[in-house]
Amino acid sequence: MTLSSCRRIVIKIGSALLVDRASGLKKAWLDAMCEDIAALTAKGTEVLVVSSGAIAMGRTVLDIGAGALRLEESQAAAAVGQIALARAWSEGLSRHDIVAGQILLTLGDTEERRRYLNARATISQLMRLKAVPVINENDTVATSEIRYGDNDRLAARVATMVGADLLVLLSDIDGLYTAPPHLDPKAEFLPVVQAITPEIEAMAGGAASELSRGGMRTKIDAGKIATSAGCAMIIASGKVDHPLRAIVDGARHSWFAPSSKPVTAWKTWIAGKLAPAGRLTIDDGAERALMSGKSLLPAGVRAVDGDFARGDTIAVMSLDGREIARGLSSYDGQEARLISGKKSADIEAILGYSGRAAMVHRDDMVMTAARKAKAKKESADA
């Protein structure tokens, strides 16, 4: 797969690429990026941009000094920076006769099903009208409790939302290494990642710059969301001018292969939720049942954590603390505690009504790909 052969691409741009801490917007770099985008759209590729930089631009305009910002300072900087960022993208793309449309999302816009569908409809309409959506988290209202916290995972959610073929994460590192290369000179570069296994997850490091909230950890999280939905992912350096052209010309980057069996749109939404409302810890027998494609019955549940409602997304955990799956709970947290460890036939006597036999039905559940692959490997080694 090449960039020009893709039907739809989501490009995530890190703050440090777009904004200089002292001087503000890197206009020459942005102009080069807009030229790259124009080259893709001219070939019929639909492009969406997830652009960081609002807070970084705002703090430069407001002359807020270096160091960590208080919440209200971040929100004020975002309010100023979002205007500047939108104007910069609009002006840059308009030079190529491309209209930009701004979309500001909060965590709830992708976590709540109705708002998710509304956001998808708006973005889809912009693309039908040949506009380039420029998307960012709405940092003016987001708090630490209700935010993505980074645009890598936001970009992955957007990519799955619109059915993109490819997600490109541009940052200050050119791909995935076996260890953080700035800390370990012996770290090896990985050009191709066929599946995001626990070993791949263990290679992730922390944030790499002052302007970035994310690091390789969030990029791997983004890869899990994207690839499970059948969307390939690239991690590449954006430090050079024309970074998309550089990828086409063979610049170093890591390619994450999409799943050969992507989940449905319904399950993609479930799998991509970033904040499960609760957790169910299950025994080994229930874990084996889930791995074979069965639903989760109350009998296999050993612990229930969280105050969740029926229909909320919950994480399913193994006894040793691994996340096995995510799914929609058939019961609220209080009811789940009452029937955990009990037979399905006893539900009516315990709750006073006849509920679903499964705590989480298989149609409303998504297995975590990396865990599934690990289970298969352990079974083969046994």
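Residues numbered from 1 in each chain as written. Predicted model: local features only at pLDDT ≥ 70, side-chain atom pairs only at ≥ 80, totals over all residues. Heavy atoms only, no water.

Engineer: How should I be thinking about the sheet that holds strand 5 (residues 100-105) in this particular structure?
Structural biologist: Strand pairs in the sheet, formed through backbone hydrogen bonds, run parallel or antiparallel to each other. Strand order in the open sheet formed by eight strands is 5-6-4-1-7-11-12-10, and the pairing between neighbours is mixed. Either end of the sheet is taken by a strand with one partner, and the two such strands are strand 5 and strand 10 (192-193). The pairing of strand 1 (residues 8-13) with strand 7 (residues 166-171) spans five bridges and is parallel. Along strand 7, the bridge assignment pairs Ile-9 with Leu-166. Of the strands in this sheet, strand 1, strand 4 (46-51), strand 5 and strand 6 (132-137) are in contact with helix 4 (residues 71-94), which crosses strand 5 at around 150 degrees. Packed on one face of the sheet, helix 9 (residues 216-228) meets strand 7, strand 11 (232-237) and strand 12 (253-256) and runs near 155 degrees to strand 11. (Pairing = 2+ DSSP bridges. Helix = DSSP H or I, 4+ residues; strand = E, 2+ residues; numbered from the N terminus. Contact = heavy atoms within 4.5 Å. Axes fitted to C-alpha atoms, helices over the stretch in contact; angles between N-to-C directions.)

Engineer: I keep staring at empty space enclosed by the protein and nothing clicks. Help me out?
Structural biologist: Vacant regions in the atomic arrangement are exposed by a probe of water-molecule size rolled over the atoms. Under the definition given, this model contains one cavity of 30 Å³ or more. Space inside the largest cavity adds up to approximately 70 Å³. What lines the largest cavity is simply Ser-51, Gln-82, Leu-85, Ala-86, Trp-89, Gln-102, Ile-103, Leu-104, Val-134, Ile-135 and Asn-136. Every element with two or more residues in the lining of the largest cavity is listed here: helix 4, strand 5 and strand 6. (1 Å grid on protein atoms, 1.4 Å probe; cavity = no way out; pocket = protein on both sides within 12 Å on 5 of 7 lines; lining within 4 Å. Points joined across faces, edges and corners; volume = space filled by probe spheres on them.)

Engineer: How do you make sense of the pairing of strand 5 when you look at a structure like this?
Structural biologist: Moving residue by residue along a regular strand, the side chains alternate between the two faces of the sheet. Here strand 5 shows one buried face, formed by Gly-101, Ile-103 and Leu-105, and one open face, formed by Ala-100, Gln-102 and Leu-104. Of the pairings in the sheet, the one linking strand 5 to strand 6 comprises six bridges and is parallel in character. Within the sheet, the bridge partner assigned to Ile-103 lies in strand 6 and is Ile-135. (Buried < 20%, exposed > 50% of the residue type's maximum accessible area, 1.4 Å probe, protein only.)

Engineer: How do you make sense of the packing of aromatic side chains when you look at a structure like this?
Structural biologist: The geometry of two aromatic rings is summed up by the distance between their centres and the angle between their planes. This structure, assessed with the given rule, holds one aromatic pair. On the basis of an interplanar angle of 70 degrees and a centroid distance of 5.3 Å, the ring pair of Tyr-177 and Phe-189 is categorised as edge-to-face. In this pair, Tyr-177 sits in strand 8 (residues 176-177) while Phe-189 sits in strand 9 (residues 189-190), placing the two residues 12 residues apart along the sequence. Stacked on the ring of Phe-189, the Lys or Arg Arg-252 has its end atom at 4.3 Å from the ring centre. (Phe/Tyr/Trp six-rings, centres within 6.5 Å; stacked < 30°, edge-to-face > 60°. Lys NZ or Arg CZ within 6 Å of the ring centre and 35° of its normal.)

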